[in-house]
Amino acid sequence: MAEKDKKVSCSNKDHSVVKSYTTANLIILKTGEDKMIKENDVDFYNESGYVMVKSVFNKQEVEEMRDAIDKILHRATQANLDRNHAWKGDFLPPEQLKKLVLKGFHDIHYHDSTFARALMHPKMVSVLSKLIGPNVQLHHSKMLVKPPENGAAFPMHQDYPYFPHQNHTMLAATVHLDVADEENGCLYVIPGSHKKGPLPHVGVHYLNHKEYPISIGTPCPAEAGDVLFFNYLTVHGSDCNRSSRTRRNVLFQYREASDFPTKNVHFDWGMGLMVCGENPNFDKVKPNFQIV
Ligand SMILES: O=C(O)CCC(=O)C(=O)O
């Protein structure tokens, strides 16, 4: 008998149906998880610094995250904290820059439990444990909503300068909640750029846009539910949203549990949360910062 069809005794009235349904579901999910990425995907990530994983989240999960984003935006407006988080700088002419809008908020898993579930989703864990290793921690979470017509651009940059770590295991998992393409500002990456190590940025923010225009990157179009994983040394960015469609992403940043920060910067609530495995550093479970 196939494992998924096995009936397991339990005390429910309708026990055989309930339990065999549950067992089958678990097995289907487990099979799906195991198949999330293969060895050659891990090799691709190590060589190229990024990998796109299709259909990590299903339609219902995507819908839940979209609803949660709407609610966060609504509460931000009510709290009078709905700011424009579009990046500033010399990468675009000032008159163009001032029209651009980004709805970006950090710590989204503290705003809505949907994101706490998403960042620990079994399919995410399956990919993360292959790309990072058995012991994975959350670093932070955020949402990036590019509205239609004037959604903000991200000049090419590495994430490294924002939160440098010793072993460079840090990666972003950017979850697409809409179809993303070149028209509505999908992500671009420079394959293999992570191998160059930390690059000089303008301030700490972005790379010289003349040397690194967004157009030199490889576009990463995606469908809702797909997740793009990229190392924090991988050069990436995205163009403006010129379409009539919104582009919503949520981004989780993760690291290996023994990869420690080299600078006292960028501390967020929930940093160090164990996403899978165990913390091998028994004496380092409290964040090293003061509550003000
Ligand atoms: O979502 C995007 O378009 C880019 C986000 C990004 O580059 C970042 O948050 O570092």
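Residues numbered from 1 in each chain as written. Predicted model: local features only at pLDDT ≥ 70, side-chain atom pairs only at ≥ 80, totals over all residues.

### Considering the overall build of the protein chain
Reasoning step 1: Helix and strand counts for the protein chain stand at seven helices and 11 strands.
Reasoning step 2: Looking at the protein chain alone, contacts between residues at least 24 apart form 84% of all its contacts between residues at least 6 apart. (Helix = DSSP H or I, 4+ residues; strand = E, 2+ residues; numbered from the N terminus. Contact = placed C-beta atoms within 7 Å.)

### A short note on the site of the ligand
Reasoning step 1: Every residue lining the ligand is accounted for by Leu144, Phe154, Asp159, Thr174, Gly185, Leu187, His236, Gly237, Ser238, Asn249 and Leu251.
Reasoning step 2: Every element with two or more residues in the shell around the ligand is listed here: strand 9 (236-238) and strand 10 (247-256).
Reasoning step 3: In terms of residue count, strand 9 provides more of the shell around the ligand than any other element does, three residues in total.
Reasoning step 4: Its residues placed into classes, the shell around the ligand shows four nonpolar, six polar and one charged. (Near = placed C-beta within 6 Å. Nonpolar A, V, L, I, M, F, W, Y, C, P; charged D, E, K, R; others polar.)

### Comments concerning the sheet that holds strand 7 (residues 218-219)
Reasoning step 1: As summarised here, the arrangement of the four strands in space is 4-9-6-7, forming an open sheet in which the pairing is antiparallel. Every interior strand has two partners, whereas the edge strands, strand 4 (154-157) and strand 7, have only one. (Pairing = 2+ DSSP bridges.)

### Description of the pairing of strand 3 (residues 136-146)
On a regular strand, one side chain projects to one face of the sheet and the next to the other, so that they alternate.
Reasoning step 1: Within strand 3, 11 of the 11 residues are buried, which leaves the element mostly enclosed by the surrounding structure.
Reasoning step 2: Bridge count between strand 2 (residues 103-106) and strand 3: four bridges; the pairing is antiparallel. In the strand pairing of strand 3, Phe105 is matched with Met143.
Reasoning step 3: In the sheet, strand 3 pairs with strand 11 (residues 274-276) via two bridges, with the strands oriented antiparallel. Of the residues in strand 11, the one forming a bridge with Gln137 is Met274.
Reasoning step 4: Pairing between strand 3 and strand 10: 10 bridges, direction antiparallel. Residue Lys142 lies in a different strand from strand 10, and its bridge partner there is Leu251. (Buried ≥ 20, exposed ≤ 12 C-beta atoms within 10 Å, placed from the backbone.)

### Focus: the environment of Phe91
Reasoning step 1: Turning to its location among the elements, Phe91 is positioned in the loop between helix 3 (59-78) and helix 4 (94-97).
Reasoning step 2: Looking at Phe91, the number of C-beta atoms within 10 Å reads 24, which means it is buried.
Reasoning step 3: For the pair Phe91 and Leu207, spaced 116 residues apart in sequence, the C-alpha separation works out to 9.3 Å.

### Digging into the environment of Thr218
Reasoning step 1: Counting through the fold element by element, Thr218 comes out in strand 7.
Reasoning step 2: In sequence terms Thr218 and Tyr188 are 30 residues apart; their C-alpha atoms lie 5.1 Å from each other.
Reasoning step 3: The contacts of Thr218, once residues within four sequence positions are left out, are Tyr188, Val189 and Pro191.

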